[in-house]
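Survey of secondary and tertiary structure
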Amino acid sequence: MKNLWLFLVRYNSTFWFILFFVFSLVLVINNNNYQRSAFINSSNIVVGSFYAKVNSWKGYMHLAETNKDLMDENALLRYHLQNLLDKDSAKHALFLDSLPKDIDHNRYEFIVASVVNNSVHHRSNYITIDKGSLDGIEKDMGVITSNGVVGTVQNVSPHFSTIKSLLHPDTKISVTIDSNATAFGSLVWGNNTEPRFAMVRDIPNHVKLYIGQPIFTSGYSTKFPKGIKVGHIVQTDIVSGGSFKDVRILLTTKFEQLHHVYIVKDKLAKEKLELEAGNDNNG
């Protein structure tokens, strides 16, 4: 207390100056229109700048939550887009009235997940995501991003799943050359060592190819919907022998930058697989 009193006594002239200076400013601002307007405008700029900084920091602190909301919205948009692409407009128009009202015509759902582990430079690459069986994830489901194909679900626990990446020698995906489905082939990473490139094999020799030609999923399996772009051709003069040829493609999926993925849930997968298994059993 004594030190505080000595401090006030020593600097009392400074305190009186500040007090009278503030009092003078108040009198000037309150009694002059121009000064009052200038003060209000200046204070608005200062306060506005302060709140802008505060809101910027708040936005940064909630960036993860905002990003998740955007991913959920993208999953919903992809869900509706895929359903529109899957509809045959002519058939839909002719038979809509004759179909039972309780049939669910929306075939695909997309579950958003975050990548918690990812390898791209190994011989066999895998990805771990933070969704598991409690979220409806099952083995062999397809996994995509907004840019292209990622791989298929390999193993599932209640809270996590591992994905056999497209960058794996055992991964094989049915694809079509351009969106008109003029020819089909198998997309494989093969013996590649680069995460940006893959091969499309078993393309008939008579099919005309060109650099930059897009490659899409064929939709023949229950893992991936039809029409998802996986890459474009960068090399065509690769001969595999016989009646087929191979091409090298640049993948659209940037595996080094994976943060979020969509797991594809095909509602008709079980029905399709059971029917095809019956064909095998009938030999």
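Residues numbered from 1 in each chain as written. Predicted model: local features only at pLDDT ≥ 70, side-chain atom pairs only at ≥ 80, totals over all residues. Heavy atoms only, no water.

So, the overall build of the protein chain
Using the following cut-off: Put simply, DSSP marks the helices as runs of H or I at least four residues long and the strands as runs of E at least two long, and each gets a number from the N terminus on. Buried, partly exposed and exposed residues are distinguished by accessible area as a fraction of the type maximum, computed with a 1.4 Å probe on protein chains only: under 20%, between the cut-offs, and over 50%, respectively. Pairs of residues are marked as contacts when any of their non-hydrogen atoms sit within 4.5 Å.
On a plain count of helices and strands, the protein chain comes out with 6 helices and 12 strands. Taken over 283 residues, the protein chain has a buried fraction of 32%. Contacts spanning at least 24 positions in sequence make up 59% of the contacts within the protein chain whose residues lie at least 6 apart.

Quick notes on the environment of K270
Within the secondary structure, K270 sits in helix α6 (residues 269–281). Put simply, K270 and T222 are 48 residues apart on the chain and 8.7 Å apart in space, counted from C-alpha to C-alpha.

As for the pattern of salt bridges
Any two side chains of opposite charge can pair, so long as their charged atoms come close to each other. Rules: Put simply, a salt bridge is a Lys or Arg side-chain nitrogen that is within 4 Å of an Asp or Glu carboxyl oxygen.
Going through the model one piece at a time under the given rule, you end up with 3 salt bridges. A salt bridge links K267 to E109, with the nearest nitrogen and oxygen atoms 3.4 Å apart. Residue K267 is found in the loop between β12 (260–266) and α6, and its partner E109 is found in strand β1 (residues 108–118); the two are separated by 158 residues along the sequence. With relative accessibility at 32%, the residue K267 sits in the partly exposed group. Measuring nitrogen to oxygen at the nearest pair gives 2.7 Å for the salt bridge that ties E194 to R248. Of this pair, E194 sits in the loop between β7 (184–188) and β8 (197–204) while R248 sits in strand β11 (residues 244–251), placing them 54 residues apart in sequence. For R248, a relative accessible area of 22% corresponds to the partly exposed category.

Quick look at the side chain of Q213
Looking at where Q213 falls in the secondary structure, it is placed in the loop between β8 and β9 (214–217). Aside from chain neighbours lying at most four places away, what touches Q213 is I177, D178, K208, G231, H232 and I233.

Concerning the pairing of β1
It is a general feature of regular strands that their side chains alternate between the two faces of the sheet. Our working rule: DSSP calls a pair of strands paired once it identifies at least 2 bridges connecting them.
Judged from the 7 bridges that link them, β1 and β12 form a sheet pairing that is antiparallel. In the sheet register, S114 faces β12, and the bridge partner there is H260. Where β1 and strand β2 (residues 126–129) come together, 3 bridges link them in antiparallel fashion. Note that in β2 the partner of N118 across the bridge is I127.

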